[in-house]
Amino acid sequence: MAQGTPGQTGQSLLFLTDEQLRKGIEAMFFAYRGFTADPDRILSDQGYGRAHHRAIHFIHRSPGTTVNNLLSVLGVTKQSLNRVLRTLIEDGLVASTVGKRDKRERHLTLTETGAALERSLSDAQRDRMRHAYRTAGPEAVAGFRQVLEAMMDEEMRFYYDALKDQSDER
């Protein structure tokens, strides 16, 4: 069967050497380092780390999310998330309210101060992404997103799709 003919699997359509894959993996490591560098600097000035950033990001994306939902999205232990949330709540960045239907639930939202921090973190990352996307061009942007989506675990894909749906509704 010729390359690219119907019936072939995705695996056989793309021939990459181990060296090409290694270069892609290393590029991901270095890109992630660059992508997190600006937020890391902003966070370290306030004594926070990446776990705080991830919590702030997903609370912003889903205002009113529950602690249990955030646990699932972040894939961390309850103990480590509680440490992060306790700090963010004590510092006035996150508000925690009791659920109306289920009093055991805690719903999380960003305060004005938390929203301001989220904006500065996201602005830094958007600037870096915007520059990279402009440099690479529109076809590369679509291809990059496809690669990232294909790398996601099924459970994480569910959360990603839910966030995309929320964006589409806005």
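As a reminder, the structure under discussion sits directly above these lines.
Read on for an overview of the structure. If you're wondering where the values come from, they're calculated on a predicted model, not measured in any experiment. (Residues numbered from 1 in each chain as written. Predicted model: local features only at pLDDT ≥ 70, side-chain atom pairs only at ≥ 80, totals over all residues. Heavy atoms only, no water.)

Here we look at the overall build of the protein chain
We apply this condition: Under the scheme used here, helices are H or I runs from DSSP no shorter than 4 residues and strands are E runs no shorter than 2 residues, and both carry numbers assigned from the N terminus. Think of it in three bands: residues with accessible area under 20% of the maximum for their type are buried, residues over 50% are exposed, and the middle band is partly exposed, with areas taken using a 1.4 Å probe on protein chains only. By the convention used here, residues are in contact when the closest approach between their heavy atoms is within 4.5 Å.
Each helix and strand counted, the protein chain has eight helices and three strands in total. The order of α-helices and β-strands along the protein chain, N terminus first, is α-α-α-β-α-α-β-β-α-α-α. When each of the 170 residues of the protein chain is scored for burial, the buried share is 24%. Partitioning the intrachain contacts of the protein chain with sequence separation of at least 6 by distance along the chain shows that 50% fall at a separation of at least 24.

Some thoughts on the sheet that holds strand 3 (residues 106-110)
To keep things clear, this is the line we draw: What makes two strands pair is DSSP finding at least two bridges between them.
The strand order across the open sheet built from three strands is 1-3-2, with neighbouring strands paired in antiparallel fashion. The open sheet has two edge strands with one neighbour each: strand 1 (65-66) and strand 2 (94-98). Bridging between strand 1 and strand 3 involves two bridges; their strand directions are antiparallel. In the strand pairing of strand 3, Thr 66 is matched with His 107.

Brief notes about the packing of aromatic side chains
For clarity, the threshold we go by: For Phe, Tyr and Trp, rings pair up if their centres lie within 6.5 Å, where Trp contributes its six-membered ring, and each pair is then called stacked (planes under 30 degrees apart), edge-to-face (over 60) or tilted (otherwise).
Following the criterion strictly, the structure yields two aromatic pairs and no others. With centroids separated by 6.5 Å and ring planes inclined at 70°, the aromatic side chains of Tyr 133 and Phe 144 adopt a geometry described as edge-to-face. Of this pair, Tyr 133 sits in helix 6 (residues 112-136) while Phe 144 sits in helix 7 (residues 138-151); the two residues are 11 residues apart in sequence, bridging distant segments of the chain. The partly exposed category is assigned to Phe 144, whose relative accessible area is 36%. Taking the centre distance of 5.4 Å and the plane angle of 75° together, the rings of Phe 158 and Tyr 159 count as edge-to-face.

Things to note about the environment of Leu 70
Tracing the sequence through the fold places Leu 70 in helix 4 (residues 67-74). Leaving out residues up to four positions away in the same chain, Leu 70 has contacts with Ala 55, Phe 58, Ile 59, Thr 65, Leu 81, Leu 85 and Leu 108.

Overview of the pattern of salt bridges
Counted only if it meets this: By convention in these notes, a salt bridge is any Lys or Arg side-chain nitrogen within 4 Å of a carboxyl oxygen on Asp or Glu.
For the structure on display, the rule yields nine salt bridges. Here Arg 128 and Asp 38 are joined by a salt bridge, their closest N and O atoms 3.4 Å apart. A residue pair is termed long-range when its members are at least 10 positions apart, and Arg 128 in helix 6 and Asp 38 in helix 2 (residues 18-44) qualify at 90 residues. In this structure, Asp 40 engages Arg 50 in a salt bridge whose closest nitrogen and oxygen atoms are separated by 2.6 Å. Taken together, the positions of Asp 40 in helix 2 and Arg 50 in helix 3 (residues 50-61) put the pair 10 residues apart, joining distant regions of the chain. Residue class for Asp 40 comes out partly exposed when judged on its relative accessible area of 25%. With a relative accessible area of 35%, Arg 50 lands in the partly exposed category.

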